[in-house]
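# Tertiary structure, described
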Amino acid sequence: MGDSDDDTPQLSAATLAALQEFYAERDGLVNETAANKYSVGAIEEDWRMSQFWYSEETATRLAQEVIQQAGKSGRIACLSAPSVYQRIKQLQTAKFEGSEGVSAMVLEFDRRFSAYGEEFIFYDYNNPLCLPEEVGPQSFDIVIADPPYLSEECLSKVAITVKYLTKNKILLCTGAIMEEHAKKLMGLKICSYIPKHNNNLANEFRCYVNYDSQLLS
Ligand SMILES: C[S@@+](CC[C@H](N)C(=O)[O-])C[C@H]1O[C@@H](n2cnc3c(N)ncnc32)[C@H](O)[C@@H]1O
């Protein structure tokens, strides 16, 4: 066999077109798989862990809010709020304004979310400060939290973690009945915006913030 260019096997135009189609389809599949990986509900609700995922609209609204509030190159902690983390990732893929420089971490009790690799941190509200060494105090520009239980005991432990992690901004989603505790523990104000879930919950749900937000009006 010679080694000149003339000896290099050539593909016919038809074979080349078929090959290009194959790669286009394959890449489409890869992109679709990546998008699905972060869709809300990609990891199914497990009611034993008090999991109730946000509706599409709410996941988007809250993700946009934390991206905007985090600011350029901001860091976002999603504490027991994995849908918001997932939607942030999707908004980044969609190049939502201001999302390119931000980073997000998902702090979760459910280890299925370790599928998100280094952006997953195991978190149990019963051990509020049991966090990896590299997660320092005030290392996030904003923390969004949605505690698993509607009790003062749970919220007061979650508040310890939230206050440790945030530089200042807090966005909490929990029951309307927690308003006084949210105010007392973290200085939060109730918002007009009403978060919705995929499956309707018996309890009235609300958002709370400690900064000036459009969610308030
Ligand atoms: C009411 S759901 C909030 C989810 C939110 N609505 C969303 O769509 O992302 C409560 C969350 O707390 C998590 N969780 C359950 N037990 C927990 C624990 N011991 N410590 C911290 N988080 C816990 C659940 O996995 C779930 O994601």
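Residues numbered from 1 in each chain as written. Predicted model: local features only at pLDDT ≥ 70, side-chain atom pairs only at ≥ 80, totals over all residues.

You'll find the protein entered in an unreviewed UniProt entry as EEF1A lysine methyltransferase 1, with Chanos chanos given as the organism. According to UniProt, the comment filed for the protein under the heading Subcellular location (unreviewed entry) is "Cytoplasm". For the record of the protein, the UniProt heading Sequence similarities (unreviewed entry) holds the text "Belongs to the class I-like SAM-binding methyltransferase superfamily. EFM5 family." (UniProt positions renumbered as here; feature names shortened; annotations may be inferred.)

## Concerning the site of the ligand
Near the ligand there are 20 residues, and of these Ser-80, Ser-83, Phe-109, Asp-146 and Pro-148 occur at the shortest range. Looking at side-chain class alone, the shell around the ligand contains 11 nonpolar, five polar and four charged residues. (Near = placed C-beta within 6 Å. Nonpolar A, V, L, I, M, F, W, Y, C, P; charged D, E, K, R; others polar.)

## Digging into the nonpolar core
Counting residues in each nonpolar core, the largest one holds 50 residues, and the members touching the most others are Cys-78, Leu-79 and Ile-144. For this core, the leading source of residues is helix H2 (residues 56-70), giving six residues. Those residues in contact with Cys-78, other than ones at most four positions away along the chain, are Val-84, Tyr-85, Ala-104, Met-105, Val-106, Leu-107 and Ile-144. (Core = buried A, V, L, I, M, F, W, Y, C linked by C-beta atoms within 7 Å. Buried ≥ 20, exposed ≤ 12 C-beta atoms within 10 Å, placed from the backbone. Helix = DSSP H or I, 4+ residues; strand = E, 2+ residues; numbered from the N terminus. Contact = placed C-beta atoms within 7 Å.)

## Some thoughts on the sheet that holds strand E6 (residues 189-190)
An order of E3-E2-E1-E4-E5-E7-E6 is seen for the seven strands of this open sheet, with the pairing classed as mixed. Unpaired on one side and paired on the other, strand E3 (120-122) and E6 mark the two borders of the sheet. Where strand E5 (residues 166-175) lies against strand E7 (residues 205-209), five bridges are found, and the strand directions are antiparallel. Counterpart to Leu-172 in the pairing with E7 is Tyr-208. Along the sheet, H2 makes contact with strand E1 (75-79), strand E4 (140-145) and E5, crossing E4 at roughly 160°. Across the face of the sheet, helix H3 (residues 82-93) comes into contact with E1, strand E2 (103-108) and E4 while running at roughly 155° to E2. (Pairing = 2+ DSSP bridges. Axes fitted to C-alpha atoms, helices over the stretch in contact; angles between N-to-C directions.)

## Side note on H2
In an α-helix, one turn spans 3.6 residues, which is why side chains three or four residues apart end up on the same side. With 15 residues, H2 extends 21 Å between its outermost C-alpha atoms, agreeing within 8% with the 21 Å of an ideal straight helix rising 1.5 Å per residue. Those residues of H2 that fall on the buried side of the exposure criterion are Thr-58, Ala-59, Leu-62, Ala-63, Glu-65, Val-66, Ile-67, Gln-69 and Ala-70. Each element contacted by the buried residues of H2 is listed here: E1, H3, E4 and E5. Gly-71 occupies a position one or two residues after H2 and carries a positive phi of about 80°. (Expected span 1.5 Å × (residues − 1).)

## Comments concerning the environment of Val-209
Mapped onto the elements, Val-209 comes out in strand E7. The exposure class of Val-209 is buried, given the 25 C-beta atoms found within 10 Å. It is 6.7 Å that separates the C-alpha atoms of Val-209 and Ile-190, two residues lying 19 residues apart in sequence. With near-sequence residues (within four places) excluded, Val-209 lies in contact with Ile-170, Leu-171, Leu-188, Lys-189, Cys-191, Leu-215 and Leu-216.

## Some thoughts on helix H4 (residues 152-165)
When the terminal C-alpha atoms of H4 are compared, their 20 Å separation across 14 residues agrees well with the 20 Å that a helix rising 1.5 Å per residue should span. Along H4, the residues classified as buried are Leu-155, Lys-157, Val-158, Ala-159, Thr-161, Val-162 and Leu-165. Where H4 is buried, its residues touch E1, E4, E5 and helix H5 (179-186).

## Observations concerning the pairing of E7
Burial runs high along E7: four of the five residues are buried. Bridge count for E6 against E7 is two bridges, and the pairing is antiparallel. Within E7, the position partnered with Ile-190 by the bridge is Tyr-208.

## Describing unusual backbone geometry
Backbone geometry places Ser-73, a non-glycine residue, at a positive phi of 60°. Looking at where Ser-73 falls in the secondary structure, it is placed in the loop between H2 and E1. Among the residues examined, Ser-73 registers 10 C-beta atoms within 10 Å and is labelled exposed. Backbone geometry at Gln-138 places phi at a positive 50°, although glycine is not the residue there. Locating Gln-138 in the fold gives a position in the loop between E3 and E4. Classification of Gln-138 by C-beta neighbours within 10 Å gives exposed; the count is 11.

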